[in-house]
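Observations on the model geometry
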Amino acid sequence: MPSPEISTTNSKESSSIRLGLKANWQQFGLLVLVNAFVGGMVGLERTILPLIAETTFGMASRTAILSFLISFGLTKAFVNLLAGRWSDRIGRKPILILGWIFGLPVPWLLIHAPSWDWVVLANVLLGVNQGMCWSTTVIMKIDLVGPQQRGFAMGLNEFAGYLAVALSAWFTSYLAADYGPRPVPFYSGIAFSVLGLLLSVFAIKETRLHAEHESQLASGTKRSDVVSFRQIFLFTSWKNRSLFAASQAGLVNNLNDGMMWGLLPLFLTERGLPFQELGIVAAIYPGVWGTTQLLTGALSDRWGRKRLIAWGMWIQGAAIAMLVFWQGFWPWMTSSALLGVGTALVYPTLLAAVSDLSNPAWRASSVGVYRLWRDSGYALGGLMSGVLADAFSAPTAIFAVAGLTFFSGLVVAYIMAESRPGFVDSSVLSEPTPGMEV
């Protein structure tokens, strides 16, 4: 795949900066590896943590069990917002390193937690780790590749992260079947956090100058042209209809992912699925999601973002409903795989669309706002699934999430404007400018 390389003579500081995957492949590859460790940290929990709540701590309420997911989602969403803004102000690398420092205690807390409150605390720290580290690896890859291969870059980023989620989820369920849910399955988290921190400190380089260079090439915007954070927040969340459509789709996507993470293991266990088969069903979804993003991200660069996002949400809604209609290991495997395909169509494409529609000078902040709304979905998914499951039943909760996901696809289809490299629909040309009131 061609990788345009762009040089500048605007200033001595940026004269050596080039944009493109080919020109920056070494740093890009290191960031892919770091993001795999970030994903591995989340995968530790995706199969066994809801079951630990029942078997180790004797919890029965679905809402109480999913409290770990609510704490994770709220923390990650808020930290996404800060990480994006801080990345624009002080640079990407310091935020990445700080995120790994917060991640170091997580596996130790999960191993030694004497009560469920300690598990909730571990997930607050995990939310900080994910908000800082995943946000900055996304932003840094966007900085490096420039505008032409943004979808492909996001596909590679999410491929690494969610393939690691899948492998970690499967591996922990395999270890839990042989050694019990604690402590052995969480030992790998110690390795993930230490290796991620070491790579971030000694191998990863700052990329903020790449974004400044792209901004100057695109529109002459400099860092002195300050756009207020309030302007960016309102523009991304509401004022720009396409960014609003992307933000709500991201929120609903992670809402259904939160349901899959927190409620699905309990739902399938109640229906008699053995533990090791449960691990496979839980892992196939992020596994398909991760691997197929290599294709979907690149396709969005060629075909545009909007249609992939809308169809992805509709496929997700159908796959979630099938989890209730179908029974048995292979039908559930099929539903999980189909959900992975739908999510792969959506996830990297939304990030690429938000990047298309944001000026590079304040893009990290806009991405942070989008990720605030997107990862709020984890908290809302945990709360909604738990309350509906307790008040009615798990199938009712799953159906409700399926319907909401399908509706979100309709919002994208009717509101979002098309974008792709070299083209943005005229309806999204307005943007916040220094001193502009929004």
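Since the model is a prediction, treat every value here as computed from it, not as a measurement.

Re the overall build of the chain
The helix and strand inventory of the chain stands at 18 helices and two strands. Taking as baseline every contact in the chain between residues at least 6 positions apart, the subset at least 24 positions apart corresponds to 86%. Total accessible area on the chain stands at roughly 15700 Å², and carbon and sulfur atoms take up 67% of it.

Brief notes about the environment of S188
Checked against the element boundaries, S188 lands in helix 9 (residues 187-202). For the pair S188 and P107, spaced 81 residues apart in sequence, the C-alpha to C-alpha distance is 8.3 Å.

Some remarks on the pattern of salt bridges
Under the defined criterion, the tally for this structure stands at ten salt bridges. R62 is the salt-bridge partner of E270, the closest N and O atoms lying 2.0 Å from each other. Here E270, found in helix 13 (residues 264-270), pairs with R62, found in helix 3 (residues 62-65); they are 208 residues apart in sequence, far enough to count as distant. Of the charged contacts, one joins D143 and R92 as a salt bridge, the two residues approaching to 2.8 Å between their closest N and O atoms. Residue D143 is located in helix 7 (residues 116-145), and its partner R92 is located in helix 5 (residues 92-103); the two are separated by 51 residues in the primary sequence. With respect to burial, D143 and R92 carry one shared label: buried. One network of salt bridges, in which partners are shared, links E54, R62, E270 and R271.

Focus on unusual backbone geometry
Residues other than glycine predominantly adopt negative phi, and peptide bonds predominantly adopt the trans conformation. That bond from R182 to P183 is cis: its omega, 0°, falls within 30 degrees of zero. When you line up the elements, P183 lands in the loop between helix 8 (150-179) and helix 9.

Comments concerning the environment of S300
Relative to the helices and strands, S300 resides in helix 14 (residues 275-303). You can call S300 buried: its relative accessible area is 0%. Sequence spacing of S300 and A352 is 52 residues, and the spatial spacing of their C-alpha atoms is 8.3 Å.

Some details on helix 8
Under the 1.5 Å per step criterion, the end-to-end length of helix 8 is 43 Å for 30 residues, consistent within 8% with the ideal 44 Å. Buried residues dominate helix 8, accounting for 21 of its 30 residues. G180, located one to two residues past helix 8, shows a positive phi value of around 90°.

Let's talk about a nonpolar patch on the surface
A contiguous nonpolar patch, built from V194, L195, L198, V201 and F202 and spanning about 450 Å² of accessible area, is present on the exposed surface. One can find L195 in helix 9.

Considering the nonpolar core
Side chains of a nonpolar character, in soluble globular proteins, are inclined to be buried together. Counting residues in each nonpolar core, the largest one holds 115 residues, and the members touching the most others are F28, F68, W100, W116 and L268. Among the elements that line this core, the one with the most residues is helix 7, at 14 residues. W116 has contacts with L49, A53, F57, M59, A64, I65, S67 and F68, leaving out every residue within four places of it along the chain. Counting five residues, the second largest nonpolar core, distinct from the first, contains V79, I95, V128 and M132.

Observations regarding the side chain of S366
Mapped onto the elements of the fold, S366 is located in helix 17 (residues 363-391). Dropping the residues within four chain positions of it, S366 is found in contact with I232, T236, L243, V354 and S358.

Let's talk about the side chain of S71
Tracing the sequence through the fold places S71 in helix 4 (residues 67-90). When neighbours within four sequence positions are excluded, S71 is seen to be in contact with V120, N123 and V124.

Considerations on the packing of aromatic side chains
In this structure the tally under the stated criterion is 22 aromatic pairs. Judged by centre distance (6.4 Å) and plane angle (40°), the rings of W170 and F171 are tilted. W170 sits in the partly exposed class, given a relative accessible area of 39%. Judged by centre distance (5.7 Å) and plane angle (25°), the rings of W170 and Y174 are stacked. Linking W170 with Y174, this pair stays in helix 8, spanning four residues, or about one helical turn. Aromatic ring contacts, followed pair by pair, group F57, F68, F72, W116, W261 and Y378 into a single cluster. Looking at K141, its charged tip hangs above the ring of F28, at a distance of 6.0 Å from the centre.

How each quantity is defined
Residues numbered from 1 in each chain as written. Predicted model: local features only at pLDDT ≥ 70, side-chain atom pairs only at ≥ 80, totals over all residues. Heavy atoms only, no water. Helix = DSSP H or I, 4+ residues; strand = E, 2+ residues; numbered from the N terminus. Contact = heavy atoms within 4.5 Å. Areas by Shrake-Rupley, 256 points an atom, 1.4 Å probe, with all protein chains shown as cover. Salt bridge = Lys/Arg side-chain N within 4 Å of Asp/Glu carboxyl O. Buried < 20%, exposed > 50% of the residue type's maximum accessible area, 1.4 Å probe, protein only. Expected span 1.5 Å × (residues − 1). Patch = residues over 30% accessible without salt bridge, like charges linked within 9 Å, V, L, I, M, F, W, Y side chains within 5 Å. Core = buried A, V, L, I, M, F, W, Y, C linked by side-chain atoms within 4.5 Å. Phe/Tyr/Trp six-rings, centres within 6.5 Å; stacked < 30°, edge-to-face > 60°. Lys NZ or Arg CZ within 6 Å of the ring centre and 35° of its normal.

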